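Reading the structure
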Amino acid sequence: MSAARRTALVRAPGPRLADGLVSFAARRPVDVGLARRQHDAYTAALRAAGWTVRAVPPADACPDAVFVEDALVVCGDVAVLGRAAAPSRAGEAAGADRAARDLGLRVERIEPPGTLDGGDVLQTDRAVYVGLSTRTNEDGICQLARLLGGRPVVPVRVTGALHLKSAVTALPDGSLIGLPDAVDATALPYLRVAPDPAGAHLVVLGPDHVLLAASAPRTAARLAADGLRVTTVDISEFEALDGCVTCLSVLVP
Ligand SMILES: NC(=O)NCCC[C@H](N)C(=O)O
């Protein structure tokens, strides 16, 4: 069976969301009701852009399960289940496995001692850039490279962000935008500097359409001036937990 396309996998915020991990943001209380409304608006933006939204089964014991991007990487017809370095996130893989199989994807997984979060995997036409971070280790990167059979995989050390894609993402034309000081930018092609920190992470919704956090207004204005269609969503309650627009979904184009 070939995989369903133009599908966005999301996982609704669970009851323990407010206990999610925080490594970079200043810890503050999270309003779970507001987070649920923000998540609804996020999925509505995906639908409005033509994506079919499918729910990944809940993992309610895991506060960070809403950040579903970290649980799996989809590349063509293969879904690679990540392996969380954070013990509190280990229970997120089972639902991601089920959702990937339901989509008709072939499922592979990162095995110990490898660790890998999907937030560290940035795919472009040129290469798959993988963050060497507090969450993804060298063994995880080597395993991913083997599983992606032949695609060039480039490790990128991440020093000032949780994941590679917290600091760098790709625009629809494949060029990169982000925060050069947060990563070893020498491992990357030319990186356009994002005017706001939250402008480093965007989701490509279509050939000329991107999704950005409302907290990146200068980046939104700059990209709109370049001719891109820009949709913004307020994700403040996820940003309080080091989340960003990329980590709330896995797009299967
Ligand atoms: N890919 C991502 O940027 N994921 C964000 C994960 C945030 C979560 N609170 C964590 O620390 O794991």
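Attention in this report is confined to the structure presented alongside it. (Residues numbered from 1 in each chain as written. Predicted model: local features only at pLDDT ≥ 70, side-chain atom pairs only at ≥ 80, totals over all residues. Heavy atoms only, no water.)

Brief notes about the packing of aromatic side chains
Taken as a whole, this structure holds one aromatic pair when the rule is applied. With 6.2 Å between their ring centres and 90° between their planes, Phe67 and Phe238 make a pair best called edge-to-face. With Phe67 in the loop between strand E2 (52-55) and strand E3 (72-75) and Phe238 in helix H6 (residues 236-239), the pair connects residues that are 171 residues apart, well separated along the chain. Residues Phe67 and Phe238 agree in their burial class; the two are buried. Over the aromatic face of Trp51 sits the side chain of Arg6, whose NZ or CZ is 4.3 Å from the ring centroid. (Phe/Tyr/Trp six-rings, centres within 6.5 Å; stacked < 30°, edge-to-face > 60°. Helix = DSSP H or I, 4+ residues; strand = E, 2+ residues; numbered from the N terminus. Buried < 20%, exposed > 50% of the residue type's maximum accessible area, 1.4 Å probe, protein only. Lys NZ or Arg CZ within 6 Å of the ring centre and 35° of its normal.)

Brief notes about the site of the ligand
Lining the immediate surroundings of the ligand are 15 residues, of which Leu21, Asp64, Arg89, Arg135 and Leu241 lie closest. Side-chain polar atom of Arg89 to an oxygen atom of the ligand: 2.8 Å apart, as the coordinates give it. Within the backbone of Leu241, one N or O atom sits 2.7 Å away from a nitrogen atom of the ligand. Protein contact buries 100% of the 340 Å² of open area that the ligand shows by itself. The residue inventory of the shell around the ligand, partitioned by class, reads six nonpolar, three polar and six charged. (Near = heavy atom within 4 Å. Polar contact = N/O pair within 3.5 Å; in protein donor to acceptor, adjacent residues only side chain to side chain. Areas by Shrake-Rupley, 256 points an atom, 1.4 Å probe, with all protein chains shown as cover. Nonpolar A, V, L, I, M, F, W, Y, C, P; charged D, E, K, R; others polar.)

Re the environment of Thr134
You can see Thr134 is positioned in the loop between strand E7 (128-132) and helix H3 (138-147). A residue is classified by how much of its surface remains accessible, and Thr134, at 65% relative accessible area, is exposed. Separated by 23 residues in sequence, Thr134 and Glu111 place their C-alpha atoms 17 Å apart. If we ignore the near neighbours within four places in the chain, the residues touching Thr134 are Ala85 and Leu162. (Contact = heavy atoms within 4.5 Å.)

Observations regarding the sheet that holds strand E14 (residues 229-233)
Read across the open sheet, the three strands follow the order E12-E13-E14; overall the sheet is mixed. What marks the edges here is a single partner per strand, and that holds for strand E12 (203-206) and E14. In this sheet, adjacent strand axes meet at a mean angle of 30° when their direction is disregarded. Pairing between E12 and strand E13 (residues 209-213): three bridges, direction antiparallel. Across the sheet, Val204 pairs through a bridge with Val210, a residue of E13. Seen against the sheet, helix H1 (residues 32-48) touches E12, E13 and E14 and runs at an angle of roughly 160° to E14. (Pairing = 2+ DSSP bridges. Axes fitted to C-alpha atoms, helices over the stretch in contact; angles between N-to-C directions.)

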